[in-house]
Amino acid sequence: MSQISLRTITKSFGETPVLNNVSLDIEEGEFVTLVGPSGCGKSTFLRILAGLEAADAGQVEIQGRDVTAIRPADRNLAMVFQSYALYPHLSVAQNIMTPLRMRDLNRLGRLPVIGPLLSRAAHRKMRDQVGEVAETLQITPLLDRKPGQLSGGQRQRVALGRAMVRQPVAFLMDEPLSNLDAALRVHMRAELSELHRRLQATFVYVTHDQAEALTMSDRMAVMMHGDILQVGPPNDIYRNPASLDVARFIGSPRINTLPGEVNGTGGLELLGVTTETRVRGLRQAVTMGVRPEHLHMRVTGRFSGTVRHRENLGSDIFVHLEVAGAPAKVVLRLAPAEAVELGLGTRVAFDFNPTDILLFDATGARLAFTHPAREVA
Ligand SMILES: Nc1ncnc2c1ncn2[C@@H]1O[C@H](COP(=O)(O)OP(=O)(O)OP(=O)(O)O)[C@@H](O)[C@H]1O
Ligand SMILES: [Mg+2]
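Starting afresh in each chain, residues are numbered from 1 along the sequence in its written order. For this description, chains carry letters from A and ligands carry numbers from 1, given in the order in which they are written. The predicted origin of the model limits local features to residues at a pLDDT of at least 70 and limits the giving and counting of side-chain atom pairs to 80 or more, whereas totals for whole chains, interfaces and linings rest on all residues. Side-chain metrics in this entry use all non-hydrogen atoms of the structure; hydrogen atoms and water are not considered.

Observations regarding the packing of helix α4 (residues 152-164) against helix α5 (residues 182-199)
- Closest axis-to-axis distance for the α4/α5 pair is 11 Å, and the angle between their directions is 20 degrees. In terms of axis orientation, α4 runs roughly parallel to α5. Viewed along their axes, α4 and α5 form a crossing whose handedness is right-handed. Across the interface between the two elements, Gly152, Gly153, Gln156, Arg157, Leu160 and Met164 of α4 pack against Leu184, Met188, Glu191, Leu192, Leu195 and Leu199 of α5.
- Ten residue types, Ala, Val, Leu, Ile, Met, Phe, Trp, Tyr, Cys and Pro, are classed as nonpolar, four, Asp, Glu, Lys and Arg, as charged, and the remainder, Gly among them, as polar. Across the contact of α4 with α5, the residue classes tally to seven nonpolar, three polar and two charged. Lines fitted to C-alpha atoms define the axes here, with helix axes fitted over just the stretch in contact, and angles between the N-to-C directions of these axes take values from 0 to 180 degrees. Here a helix means four or more residues in a row that DSSP labels H or I, a strand means two or more in a row labelled E, and each is numbered from the N terminus. Each angle receives one of four descriptions, namely roughly parallel if under 35 degrees, roughly antiparallel if over 145, roughly perpendicular if within 65 to 115, and oblique otherwise. We call a crossing left-handed when the near helix sits turned anticlockwise from the far one by less than a right angle, and right-handed when that turn is clockwise. Residues are treated as being in contact if the distance between any of their heavy atoms lies within 4.5 Å.

This is the structure we're talking about:
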């Protein structure tokens with residue numbers, strides 16, 4: 001049994017369908033990421049799991065219990081948002097402690113008044129819990145500061161601390177890093193992965209950033225237009241996308257796509273070149289996908305183009321080629337030493353290994369193919 005199950009969730013806002021019969025199972029201790037373009041329904045899906053939004057149809061189960069009609073506070077899930085929503089007038093320690101106080105006071109059936117209602121022993125226990133969380137997040141020296149005296153990354157850690165202190169069944173995070181600058185985002189990705197390893201807790205993470213999904217997840221669910229298109233480990237999805245939409249969304253720079261055709265004998269023809277690749281369905285238009293790292297400059301390359309743009313990332317150079325017959329620029333990822341001579345306007349011959357390509361039919365679904373063992377790289 002999975003720890004969390006969302007079954008056939010359907011949701012519309014007025015006339016607009018937002019989730020179309022979406023299901024997802026999450027195992028205990030997994031880091032699962034919902035990733036997809038803006039507006040595809042990720043936050044809505046997460047909010048339905050949290051109980052902050054009601055589905056029109058479908059069930060939510062947590063640890064085998066149907067919680068579809070249970071209010072958010074009783075689902076024992078902790079939510080971390082993009083806006084950290086810290087109390088500005090409370091110290092870091094008090095911010096982290098707030099959920100514990102709320103829980104106890106809720107249990108006592110009193111109004112959530114903070115302060116003298118708590119016994120000394122209860123208060124000491126809470127301070128210990130806050131201390132432990134602060135140690136884990138390495139924010140102990142910041143406990144007496146107010147949120148206004150913290151950097152963005154530190155505030156993010158306090159928000160995480162506030163989620164951790166309750167020891168929830170799972171942590172739900174909606175774009176928690178998007179307010180941070182690029183360098184800090186990369187740093188926090190590593191911190192979140194490390195935190196996940198240490199806590200061995202379930203993380204359900206929402207992002208539109210495919211790099212975040214690829215770097216942190218055990219499994220990622222690629223969402224588009226209110227559907228989950230594919231679920232799997234990042235490597236599987238990157239190498240084996242089920243459709244052209246997934247192939248295009250995952251990976252940066254985007255996968256190159258070239259129009260092709262399967263001829264009357266099953267041979268794949270690309271930009272006037274008959275390749276060794278064999279496809280079963282004869283005489284159909286196809287799209288070939290090949291990632292920038294799988295295109296190699298070769299004097300004997302069967303394809304060629306003209307350099308129109310160079311992107312220098314220091315460790316890699318992305319060279320954008322104009323290729324006759326290709327609807328968009330073809331991008332090659334090269335090592336800096338390889339790209340030295342490639343000024344704008346240079347003609348470049350290139351090729352690929354037949355094992356490195358993906359083929360899609362006219363509907364965007366994957367096509368199987370065979371190929372001889374011909375090595376280019
Ligand atoms: N309360 C609401 N009322 C009406 N429409 C809504 C509401 N909340 C969301 N929507 C619409 O539902 C769709 C999905 O929204 P959602 O917030 O789930 O997207 P998202 O995938 O999280 O996008 P983003 O990456 O931009 O956060 C969008 O078209 C959005 O405009
Ligand atoms: Mg969102």
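Continuing now.
So, the domain arrangement of the protein chain
- The start and end points of each domain follow an automatic or database-based domain assignment. Parsing the protein chain into structural domains produces domain 1 (4-245) and domain 2 (254-370).
- For domain 1 versus domain 2, the separation of C-alpha centres amounts to 40 Å.
- Listed by partner, the interface residues are seven residues for domain 1 and nine residues for domain 2.
- With both chains or domains summed, domain 1 and domain 2 bury close to 670 Å², and 53% of this area falls on carbon and sulfur atoms.
- Considering only the side of domain 1, the residues that lose the most area to domain 2 are Tyr238, Pro241 and Leu244, jointly responsible for 74% of the buried surface there.
- Criterion for a salt bridge: a side-chain nitrogen of Lys or Arg within 4 Å of a carboxyl oxygen of Asp or Glu. At the junction of domain 1 with domain 2, the criterion picks out zero salt bridges.
- Pairing of N or O atoms within 3.5 Å defines a polar contact, subject to two protein rules: one partner must be a possible hydrogen donor and the other a possible acceptor, and residues neighboring in sequence count only if both atoms are side-chain atoms. Here domain 1 and domain 2 share six residue pairs in polar contact (both at pLDDT 80 or more) between them.
- Of the residues belonging to the side of domain 1 that touches domain 2, the class tally is four nonpolar, two polar and one charged. Accessible area that two parts lose when put together, with a 1.4 Å probe and added across both, is what the buried area reports.

Considering the packing of helix α3 (residues 120-137) against α4
- It is the contact of α3 with α4, at a shortest axis distance of 10 Å, that shows an interaxial angle of 135 degrees. By the angle between their axes, α3 is oblique relative to α4. Note on packing geometry: the crossing formed by α3 with α4 is right-handed. Of the residues in α4, those touching α3 at Val133, Thr136 and Leu137 are Arg157, Leu160, Gly161 and Met164.
- Here the residues of the contact of α3 with α4 sort into four nonpolar, two polar and one charged.

Things to note about α4
- In this model α4 runs 18 Å from its N-terminal to its C-terminal C-alpha over 13 residues, within 8% of the 18 Å that 1.5 Å per residue would give.
- Here α4 lies mainly inside the structure; ten of its 13 residues are buried. By definition here, a helix of n residues has an expected span of 1.5 Å times n minus one. Using a 1.4 Å probe on the protein chains alone, a residue whose accessible area is under 20% of its type maximum counts as buried, one over 50% counts as exposed, and one in between counts as partly exposed.

Side note on the pairing of strand β7 (residues 170-174)
- Within β7, five of the five residues are buried, which leaves it mostly tucked inside the rest of the structure.
- We call two strands paired when DSSP finds no fewer than two bridges between them. Pairing of strand β6 (residues 77-80) with β7 involves four bridges; the strand directions are parallel. Across the sheet, Val80 pairs through a bridge with Met173, a residue of β7.
- Summarising the sheet, β7 and strand β8 (residues 202-207) pair through five bridges and their orientation is parallel. In the strand pairing of β8, Met173 is matched with Tyr205.

Notes on the side chain of Thr275
- Here Thr275 is to be found in strand β13 (residues 273-279).
- Of the polar contacts made by the side chain of Thr275, one reaches the backbone oxygen of Leu268; its length is 2.8 Å.
- Within the structure, Thr275 has its side chain in polar contact with the backbone nitrogen of Thr277 (distance 3.4 Å).

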